[in-house]
Structures are given as structure tokens and as C-alpha cells.
Amino acid sequence: MNGGVIGFGAVGCGGFGLFALQQLVQVPGLDLVAVTDVSGQAATGAGELFGVDVAAGLDALLERDDVDAVYIATPPYLHHDQAMRALAAGKHVICENPLAIDLDDGAEMITEAGRRDRVLVTDFPQRYDPLFEAVARLLPSGSLGQFLHGSLEDLVSDRTLPPDHWFWDRSKSGGIFLEHGVHFFDLFAGWLGTGRVQTARIGVRPGSVVEEQAGCTVRYDGGGWVDFYDGFRQASSTDRQTLKLYFELGDVILLDWIPARVRVNALVPPSQTRVVTEMFPGARLDIVERYAAPPREYWSRGAEQEPDQVVDMPDPLDPPGPPDTAGREILKTRRYGELLRAMFTDQAAWIRDRDHPRRVTEAGGYDALATAHEADRLAKLTGLAVDEDLTTVYGRRPDHEFRRP
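Parameters at a glance
Residues numbered from 1 in each chain as written. Predicted model: local features only at pLDDT ≥ 70, side-chain atom pairs only at ≥ 80, totals over all residues. Heavy atoms only, no water. Phe/Tyr/Trp six-rings, centres within 6.5 Å; stacked < 30°, edge-to-face > 60°. Lys NZ or Arg CZ within 6 Å of the ring centre and 35° of its normal. Helix = DSSP H or I, 4+ residues; strand = E, 2+ residues; numbered from the N terminus. Salt bridge = Lys/Arg side-chain N within 4 Å of Asp/Glu carboxyl O. Buried < 20%, exposed > 50% of the residue type's maximum accessible area, 1.4 Å probe, protein only. Arc of directions from axis to C-beta. Contact = heavy atoms within 4.5 Å. Axes fitted to C-alpha atoms, helices over the stretch in contact; angles between N-to-C directions. Parallel < 35°, antiparallel > 145°, perpendicular 65-115°, else oblique. Left-handed = near helix turned anticlockwise from the far one by under 90°. Nonpolar A, V, L, I, M, F, W, Y, C, P; charged D, E, K, R; others polar. Pairing = 2+ DSSP bridges.

Under the criterion given, the structure shown has 14 aromatic pairs. Taken together through their ring pairs, the aromatic side chains of Phe-132, Phe-185, Phe-188, Trp-191, Tyr-220 and Phe-228 make up a single cluster. Over the aromatic face of Trp-168 sits the side chain of Arg-205, whose NZ or CZ is 5.2 Å from the ring centroid.

For Pro-281, the position within the fold is in the loop between helix H9 (270-279) and strand E14 (286-290). Distance from Pro-281 to Pro-130, taken between C-alpha atoms, is 9.9 Å for residues 151 residues apart in sequence.

So, on to the pattern of salt bridges. Under the definition given, this model contains 21 salt bridges. For the salt bridge of Glu-112 with Arg-116, the shortest nitrogen-to-oxygen distance reads 2.6 Å. Taken together, the positions of Glu-112 and Arg-116, both in helix H5 (residues 103-116) and 4 residues apart, correspond to about one turn of that helix. Residue Arg-116 is classed as partly exposed on the basis of its relative accessible area, which comes to 30%. Sharing partners across several salt bridges, the network here consists of Asp-158, Arg-205, Glu-212 and Arg-233.

Turning our attention to helix H2 (residues 40-50). Quick reminder: α-helices carry 3.6 residues per turn. Residues three or four places apart thus point the same way. Along H2, the residues that are buried comprise Ala-43, Ala-46, Gly-47 and Phe-50. Buried residues in H2, looked at end-on, bunch into an arc of 100°, giving them a common side. Opposite the buried face of H2, at more than 90 degrees from it, the exposed residues are Gln-41 and Glu-48. In this structure, the buried side of H2 is in contact with helix H1 (15-24), strand E2 (30-36) and strand E3 (53-54). Gly-51, located one to two residues past H2, shows a positive phi value of around 65°.

Our focus in this paragraph is the packing of helix H4 (residues 79-88) against H5. Relative to each other, H4 and H5 sit at 10°, their axes nearing to 10 Å. With respect to their mutual orientation, H4 and H5 come out roughly parallel. At the point where H4 passes H5, the crossing takes the left-handed sense. Along its contact with H4, which presents His-79, His-80, Ala-83, Met-84, Leu-87 and Ala-88, the element H5 presents Asp-105, Glu-108, Met-109, Glu-112, Ala-113 and Arg-116. Taken together, the residues that form the contact of H4 with H5 break down as 6 nonpolar, 2 polar and 4 charged.

This brings us to the sheet that holds strand E4 (residues 69-72). Spatial ordering of the open sheet is given by E3-E2-E1-E4-E5-E6, a layout of 6 strands whose pairing is parallel. The sheet is open, and its two borders are formed by E3 and strand E6 (120-122), each paired with just one other strand. One ladder, built from 6 bridges, connects strand E1 (residues 6-11) with E2; its direction is parallel. Paired with Gly-7 across the bridge in E2 is Asp-31.

So this is what it looks like as C-alpha cells:
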């Protein structure tokens, strides 16, 4: 490093890559010095946009002494080769999801990074979301009782994914569970610990072999199970994500792909009201029903409870009335940028000081990939059968567990 400044080289200058680099260049102590892409036009455009050098290829980028770390924003099937070459050149690596397509390749990458004492992380920005932290505090607090069940519904438009896009090619993307689902597997693992896939299914677009839906159920060591659904078949105006966590005494609903809005409904005594509101600073709390003395009986899980009031905490950024689609998109994009900057800052701190505790580590990328592989394996146990309406394939309970290298 030059005076503590970490020089970055970027591989992949597509739309998301450019968005991420816009965040990287805003982080103090990080310096984007060169970019490269298989498309010379894309690389030239990125070089002009950021005022940096355009390398003739990955090898040329890795030969530069001013490149300390490499950001990889290429299709998944390229991650293993590019990351291994970067590590061999002594560079740190931050890679877009998934870590790799093949699980053994992912293990090899992590082993090599450990041997060389280098960063090799998958970009999981949701770990840096204030709402992730809020839920992480809420779960062990017991304020809403025991966690019972969760769900993730990711309804995505395919408007930016034409039929010839690499996303639909399993050999390049790994399929929906790997390319997309790893984000959410990591999110819930951060809250609930190790998860084991129970069932899985894949939906095929009618009249084709395009896999456009994927879903699974995961049971977590931290209690409860979570149902995941990713579908790439929504109209653009209905593109949305809803994440729900159900407790004995209430529920938490997070909205947007990068959760930027939250709503909490809870049955809590006044003694717990402050605890809950402090976990979601800035939220408005409304009491929608109060129980007069003597308290009304409330039965839950075979025991009597005596709550005093029902509270509702709508997000202050989600006021009543017609949805402001444009405003929410701006909010989501701004939040996404903030989290990417936090991710780059966190990893850079570890590069400078190995004692720095990172929120995202190498293990997270591998564990999410292992969960995705198990879901994919279960979904394909009986093979795919295309029909005119909808194909859904169900799997069985896994007979083994993946173990982190």
C-alpha cells in the first residue's frame, strides 16, 4: 500500500459493476487505479468515467504494483479462475455473489486466501444494513417472544434479462439458488445460525426450459424455519421483496431488496416498549389496542401471557397513502450505496489491521454457497419435467451436511 491507501483494480464494468465502483471511489483511503473488461468499449467507458487506466486484460491488471486488491463483478462462472489468479498475484479479492459455481472451487479459493493471508469475501451488503442489526438485537432480546417462522418473497422483473442473458444459462450463473438466493441464505444465517435445507423446488417457464422460479425451506439451529421464494416473472411495476419474521408476540416485516423500510406489530407490556423502539430508532409507535386492568387473558404455546397493549410501528419512511414507487426506488438505491461503502470500508480496515472484526468473512460466502447447492440438489432429485402450466419439483430431507473448509 502507498501511505496506507489501498489501490483497487476492477474486473467487470457492467451496470452493477459501475454502481459499485461509484461507491468504492467515495471511501477514504481507497483508490481505484485501473479497470478491465472483456468488452473493450465497457472498459474504456469506465476508465473515462472514473479517470483511471484501462488494463489490457486481467493479467495486465494483476501485474500492476499499485493494485493491492481486486473487485470482481463478472458472471459467476468466471469467479474461480479470476480470484485464484488474483490471489496468486498476492492481491486481496472482493467478489460479487456467488463465491463460485462449484462448491469445491469455493473451498479451494478460501484455502488459497487463507494460505496467503488475503481477503476473499463475497459481497453481502445486507449484513451492513441497520435493519439487519436491529433484527439481530431483537431476536435474542425476547421482547417479542420466541422466533417461530420466517419467509422471503423476492418477486423480480426480468426486464433487464433478455433470453440470451448469461443469467439463464446454468453453466454460467449456477441457477437462481446460487446466483440470487445466496444473498438471502446469508441474511438469515446471520440472524439464526446454521441452516439445513428441508425441501426445494424449481419452476420452469411454460413452453420452455427456462428456470424462472426457485424456492426452498430451511430449518435453522437458532429455531424455526424459513421459506424462500425467488421468482423472475413479475411485471416491472410489481417488482418487490417482502421479508417476514413471525414471533410469539408479533411480527417484523422488512421491505425492499436491500431492506430500507420496516413495520413491527407487537403485543408487548410497557416495560418492553422502550426496548423495541430503541431497536428501530426513528420509527413511530402507535398503540392500536390497550388491555384494561385486570389484564385480558392471552394464551400462547400452552401458557398464559398478560400483555398490556398492542403496538404498531410503521416505518417513518413509509407513510400512509398511495405508494410512492419513485421515492422508494430512490430510497433503495441510496441505501444500497451506503451499504456498499460500508462493505468496502470494513474489508479495507481488515487489510490494514488483521485484528479488525469484519461483518462479512470468507466463511459467509462458502456457507451460503453450500446452502444454495443443497437446495439445488434437492430440487433436481427427480429431474425437471416441463409442462404447459407450471413445473414444480420437490426434494427430500438432505442425507448429509456440507462442512466449511
